[in-house]
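Examination of the molecular architecture
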Amino acid sequence: MSIRLCTVALLLTTVASSRAEASGSVTVDKLPGLRQRIEIVLDRDGVPHIRAGNEHDAIFGLGFMHARDRLWQLEYLRRVGSGRLSEVLGPNSVKVDALFRTLGVARSAEATWARYGPKHREFILSYVAGLNAATEQQRRNGLPPEFTILNFEPTPWRPEDVMTIAKVLGWSVDTNWDQELVRLQLEQKLGAVRTAELMPAYTQDGPIIDWQSRKTGTAKSRMHAMPHVDAETLLQLAAFHKDVAQGAGFGGQGIGSNNQVLSGERTVTGSAILASDPHLPSQIPAIFYRAHLTGGALDAIGATAVGIPGFLMGHNGRIAWGWTNANADVQDLYLEKLHGDDQVEYDGVLEGLVIRDEVIKVKGQQDVVLKVRTTRHGPLVSDLVNPNGPALALRWAALDSDDDVGIAASLDANKAVNFAQFHNAYRRHKAHPQNMVYADLQGNIAYHLVGTIPRRIASDGTRPVPGWTSAFEWNGYIPFDDLPALRNPKEGYVATANNKIAPDTYPWVLGSSFAAPYRARRVHELMQEKNRFRLEDLEDMQADVLAVHARDLLPTLLRILPANNMERQALDLLKSWDYRVTPESAAAAVFEAWYIQLAESVFADELSQPLWKAWSEHMHMVSMALSTTVLSDSRWCDDVTTAIPESCSMTISGAFAKALRRMSGVQGSDDVNAWQWSKAHRLVFFHQPFDSDSVHSHRFNRIVPNGGDKHTLNVASNPRWTDYDQRHLALYRQIIDLSDFANSRWMAAPGQSGAATDPHYDDLIAPWQGVKYRRMPFT
């Protein structure tokens, strides 16, 4: 991809507006916080290549471009974290505000900023100065339409806002406390044994990441007895969490991400290749923002996160890096024993609760005064639904750590020139555990789990623990050098797909809700197909839509006898299917409808409708439980609401009939041979907050037909098990060639800009769908 320049450099005041220029060169100088002149070159996708004389000005330029292209998104994220959405959106956002005020995210952000040292403070202040410079220009020249519709203007940016946004993004990938709520409900209804079948951490045969763990020991059973908790409170709190996630635009836990790094022994060029494609909710605009920064010791290109300085993924001409979410468990619920409204019991002694009032201003209505009560473990989140019921406090590592300087770690890693520097930089990454993969020009490849993960002594993190005794406290955090890691493995590659990290011999609890193993299995299959790989082979991996779970299940499913001609035609399609969930595939439409319906037919009868709904939000657990059940002809297949016991074969047949009826309605035809998966499966790029607004959604949302499914490498899933539409995707893809960085490539959807009137708002949807790439121009 060539960078197209304007014939003359334009002054900032000429081009700054709520709509970015399509391409060109912008000279920026004489602004508060800027030390020297910088040049910003925009390529054909609107991606800025920022050239500065020093690191501070390069970071200033990134802040300027973030605000220039994504000002509304920045404002939205800041208001989510500070619990101030209702001021501009009204009463529908009170739940979101109440949760983040209860958590005290903005308060924690202030404490985090106070811990930063002078060196990193300067960089963050430069970034904030860039945010403010672009915000002021847009205030004068025209703010994005969201501000006009909602009739307010943004206030100046502060470094604490950057810390707040970082914690909001962390919450979106860290959250698993709702699983504790669901598990406890299931155990109280079904018992521990049957609940374990519904909520497996992983499968016995699934690939793990760290197959050469340096830290071993005897894994202890950490199951503990738990007093009965009112089921209604648990259901209400789980529903509250879901409403907040939906209202704020967050995705389900364990959505998906892939990365691979291959040593030179496994590539045609003889140098390493590193690939990443993180999967997140399909928001428009996306959270990722592509950029290239050059200034002083900083010369890096890749994906940034809006609101945060530095690169999450990319390369700097010497090293390359990428990540996937580790699905580590960094949240625990504590059941507290309250005495009155303001005291709590701990080891036989009464302690005072910390109590504060949070005033939530609501547009068009009276203020909402929220009473927040906090124990030594954290805020009482149960007060959000029932202050007079069971008291559940939430402990979250991101609020607990006293040295959370993750942005500083990222900035240092962006400038690293070798493994030792990169490794030492990420020692300081204290929140939001990630699977980091690495490659360098010296031929090294590596993997390291980074982040703050508690050392649990008496529990496994799967259910609430008693808060009235010190027996269940965290014993600090797992030391960085004890976290799973690999360097130059003999296999010549490392691949992660949110799968289980370490073997059972690892002595500490890392998590209990890893992604189903299908993507990980598929990657390892592809890695065994040849000895040496080209970049194009990695492109094929990122485009892969082969459904491993379908390949496993279909032999069992196909044993049923058709009841009518439609079923006969559908079964014939599946018998010749290649298991690829392509957009035009009729067989894929049949299987996906069947797969989705089958889980409800097998499990919903034994759960109440609210509990089925809450459990089915955790798609990886549902998938693993479903495969185990159907393949073993389990008693789960019996419908407990009928007098006659059903076998799995009978339940599979009944689910098949229901699935075909539902899909025929969506397709508008009973001719299964004319069906296409993409007629039912649409990718929804949803805007916050106008996703479901009948007046404005058509202006901001984008909807396109698509292929893939919940477990293909090219993930196309939805947090709601029963929905056909897609609301998760690989928002960013990169493949980095360490033999020739100019040959590296990237792609992001839906576009670089956050302004709906800008051509770059949605211009990358088509190439992204086709898994096409742009080159990463580094020189």
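The structure reproduced in this document is the subject of the present report. This one's a predicted model, so the numbers in the text were calculated from it and none came from an experiment. (Residues numbered from 1 in each chain as written. Predicted model: local features only at pLDDT ≥ 70, side-chain atom pairs only at ≥ 80, totals over all residues. Heavy atoms only, no water.)

1. Structural notes on the pattern of salt bridges
Tallying each qualifying case throughout the model produces 49 salt bridges. For Arg376, the salt bridge goes to Glu351, with nearest N and O atoms at 2.5 Å. Of the two residues, Arg376 is situated in the loop between strand 16 (368-375) and strand 17 (378-379) and Glu351 in strand 14 (residues 349-352); the sequence distance between them amounts to 25 residues. On the accessibility criterion, Arg376 (48% relative accessible area) is partly exposed. Residue Arg373 pairs with Asp383 through a salt bridge whose shortest N-O separation is 2.9 Å. Here Arg373, found in strand 16, pairs with Asp383, found in the loop between strand 17 and strand 18 (391-396); they are ten residues apart in sequence, far enough to count as distant. For the residue pair Arg373 and Asp383, the accessibility class agrees, reading buried in each case. (Salt bridge = Lys/Arg side-chain N within 4 Å of Asp/Glu carboxyl O. Helix = DSSP H or I, 4+ residues; strand = E, 2+ residues; numbered from the N terminus. Buried < 20%, exposed > 50% of the residue type's maximum accessible area, 1.4 Å probe, protein only.)

2. Brief notes about the packing of helix 2 (residues 55-82) against helix 4 (residues 94-103)
Orientation of helix 2 relative to helix 4, taken along the N-to-C sense of each, is 60 degrees, at an axis distance of 6 Å. When the interaxial angle is binned, helix 2 and helix 4 end up oblique. Residue-level inspection shows Arg79, Val80, Gly81 and Ser82 of helix 2 in contact with helix 4, the latter providing Val96, Asp97, Phe100 and Arg101. Considering only residue class, the contact of helix 2 with helix 4 consists of three nonpolar, two polar and three charged. (Axes fitted to C-alpha atoms, helices over the stretch in contact; angles between N-to-C directions. Parallel < 35°, antiparallel > 145°, perpendicular 65-115°, else oblique. Contact = heavy atoms within 4.5 Å. Nonpolar A, V, L, I, M, F, W, Y, C, P; charged D, E, K, R; others polar.)

3. Re the packing of aromatic side chains
Taken as a whole and judged by the stated rule, the model has 28 aromatic pairs. When the ring of Trp72 is compared with that of Phe147, the centres are 5.3 Å apart and the planes differ by 85 degrees; the resulting orientation is edge-to-face. Of the two residues, Trp72 sits in helix 2 while Phe147 sits in helix 7 (residues 145-150), which places them 75 residues apart along the sequence. What makes Trp72 buried here is its relative accessible area of 5%. Both rings, one in Trp72 and one in Phe152, keep their centres 6.2 Å apart while their planes meet at 65 degrees; by these two values the pair is edge-to-face. One end of the pair, Trp72, is in helix 2; the other, Phe152, is in the loop between helix 7 and helix 8 (159-174), with 80 residues separating them in the sequence. Ring-pair connections join several aromatic residues into one group, and the members of that group are Phe100, Trp171, Trp177, Phe250 and Trp396. Positioned above the aromatic ring of Trp113 is the side chain of Arg121, whose terminal nitrogen or guanidinium carbon lies 4.2 Å from the ring centre. If you follow Arg290 out to its NZ or CZ, it ends over the ring of Trp746, 4.8 Å from the centre. (Phe/Tyr/Trp six-rings, centres within 6.5 Å; stacked < 30°, edge-to-face > 60°. Lys NZ or Arg CZ within 6 Å of the ring centre and 35° of its normal.)

4. Digging into the sheet that holds strand 15 (residues 354-360)
Overall, antiparallel pairing links the three strands, which are arranged 15-16-17 in an open sheet. On the outer flanks of this sheet lie strand 15 and strand 17, each paired with one strand and no other. Examined bridge by bridge, strand 16 and strand 17 share two bridges and lie antiparallel to one another. Each residue of the ladder has a partner; that of Thr375, found in strand 17, is Gly378. Packing of helix 4 onto the sheet brings it into contact with strand 15, strand 16 and strand 17, and relative to strand 15 it is tilted by some 150 degrees. (Pairing = 2+ DSSP bridges.)

5. Examining helix 4
Within helix 4, nine of the ten residues are buried, leaving the element largely enclosed by the surrounding structure. Of all the positions in helix 4, only Val94, Val96, Asp97, Ala98, Leu99, Phe100, Arg101, Thr102 and Leu103 are classed as buried. Following helix 4 by one or two positions, Gly104 has its phi on the positive side, about 75 degrees.

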